[in-house]
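Observations on the model geometry
Residues per chain are reported as follows:
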Amino acid sequence: MSSAGSVPPPPDQVASPARIHDYLLGGRENYAVDRRAAEHVLNIVPTAREVVASNRRFLHRAVRFAVQETGIRQFLDLGSGLPTPQNVHETAQRFDPSARVVYVDNDPVVVAHGQALLADGDRTAMITGDVRDLDAVFDDPQVTRIVNLSEPVGVLLATVLSCLPDRDRPGDVVRKVVERVPSGSLLIISHSAATDQRMRDRMTEFMLGVTRGMWGRMRDPEEIAAWLEGLELVPPGLVEVSAWRPDPGETVNPPTEAMTLGAVARVP
Ligand SMILES: C[S@@+](CC[C@H](N)C(=O)[O-])C[C@H]1O[C@@H](n2cnc3c(N)ncnc32)[C@H](O)[C@@H]1O
């Protein structure tokens, strides 16, 4: 998004990644400016609705994996986005009712909705925070109240690094998370990707224009893989999100020009 500390534009005048995403997911927390932008995204990537829905299903399976297979019961959802029908705490608490989640976003509209709909006493909170200043996030009193950083934690970076331009060093965000969490923690990451340079450029140029610079870049799969070097990837590794451990009966998306890649990585 725009540089840390800058004043956000009035929400009904400039499209935001969170509200475009919400519209593509069928949500209602968006303005006309977001809906127009999202319709244009659909012209560039006709499968965009399926791409974002597949990402949410991946997050559900990854969080369930974290709870059921590794016993993790505390999560930080960085760049959480607007509340959706299946939020991280709902998935986690379905499999372990004691699970705790802190949602973090730097968009004031997201934080306002999240505080109204997601915050719930001891187990769930929504805070304003920026992935470019993770020390402030990890040291936030709401985070230290809900998340015990001496025990493994599941950290989600779900499509948020797509919102960071190269100058904000998205790879350093991954490194910082790894530095701050204990061994055995899981990083659940997804990112907007395309192998075709023209597709990446077209999408990036459109999103930067429509959000007035509050976006980053669609990236090449190899760039995203490089951030994960040194971490142990849970099989099947970094893949198109619908191919990450699909449930029986779930379809795997056919190869398309634009996709979301996802991985779950163990912190050594
Ligand atoms: C495309 S949405 C993804 C929402 C959700 N994580 C998902 O994958 O379904 C990206 C979210 O990241 C947030 N975001 C963008 N830049 C951020 C930053 N520097 N720090 C924190 N949140 C950020 C946006 O406000 C938005 O809510």
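Residues numbered from 1 in each chain as written. Predicted model: local features only at pLDDT ≥ 70, side-chain atom pairs only at ≥ 80, totals over all residues. Heavy atoms only, no water.

Concerning helix α5 (residues 108-117)
Because each turn of an α-helix spans 3.6 residues, side chains separated by three or four positions in sequence point in the same direction. Among the residues making up α5, those that are buried are Val109, Val110, Val111 and Gly114. Where α5 begins, the capping side chain belongs to aspartate 107, and its oxygen is found 2.8 Å from the backbone nitrogen of valine 109. (Buried < 20%, exposed > 50% of the residue type's maximum accessible area, 1.4 Å probe, protein only. Helix = DSSP H or I, 4+ residues; strand = E, 2+ residues; numbered from the N terminus. Polar contact = N/O pair within 3.5 Å; in protein donor to acceptor, adjacent residues only side chain to side chain.)

Focus: unusual backbone geometry
Along the chain, proline 235 connects to proline 236 via a cis peptide bond; the corresponding omega equals 10 degrees. With phi around 55 degrees, threonine 159 is a residue other than glycine that occupies positive phi space. Looking at where threonine 159 falls in the secondary structure, it is placed in the loop between β4 (154-158) and α8 (170-180). According to the relative accessible area criterion, threonine 159 is buried, its value standing at 19%. In the Ramachandran plot, arginine 169 falls in the positive-phi region, its phi being about 50 degrees despite a non-glycine side chain. Tracing the backbone shows arginine 169 in the loop between β4 and α8. The class of arginine 169 is exposed, set by a relative accessible area of 54%.

A closer look at the packing of helix α1 (residues 17-24) against helix α3 (residues 48-70)
Taken N-terminus to C-terminus, the directions of α1 and α3 make an angle of 100 degrees; their axes are 9 Å apart at the nearest point. The orientation of α1 with respect to α3, classified from their angle, is roughly perpendicular. Residues His21, Tyr23 and Leu24 of α1 touch α3, and the partners they reach there are Ala48, Arg49, Val52 and Asn55. A breakdown of the residues in the contact of α1 with α3 according to their chemical character gives four nonpolar, two polar and one charged. (Axes fitted to C-alpha atoms, helices over the stretch in contact; angles between N-to-C directions. Parallel < 35°, antiparallel > 145°, perpendicular 65-115°, else oblique. Contact = heavy atoms within 4.5 Å. Nonpolar A, V, L, I, M, F, W, Y, C, P; charged D, E, K, R; others polar.)

Concerning the pattern of salt bridges
Within the structure shown, the criterion is met by 22 salt bridges. With its nearest N and O atoms 3.8 Å apart, the salt bridge here joins arginine 49 to glutamate 39. Of this pair, arginine 49 sits in helix α3 while glutamate 39 sits in helix α2 (residues 32-44), and the two are 10 residues apart along the sequence. A salt bridge links arginine 132 to aspartate 168; the shortest N-O distance between them is 3.1 Å. With arginine 132 in the loop between β3 (124-128) and α6 (134-138) and aspartate 168 in the loop between β4 and α8, the pair connects residues that are 36 residues apart, well separated along the chain. Ionic contacts of the salt-bridge type, sharing partners, join the residues Asp135, Asp139, Lys176, Glu179 and Arg180 into one network. (Salt bridge = Lys/Arg side-chain N within 4 Å of Asp/Glu carboxyl O.)

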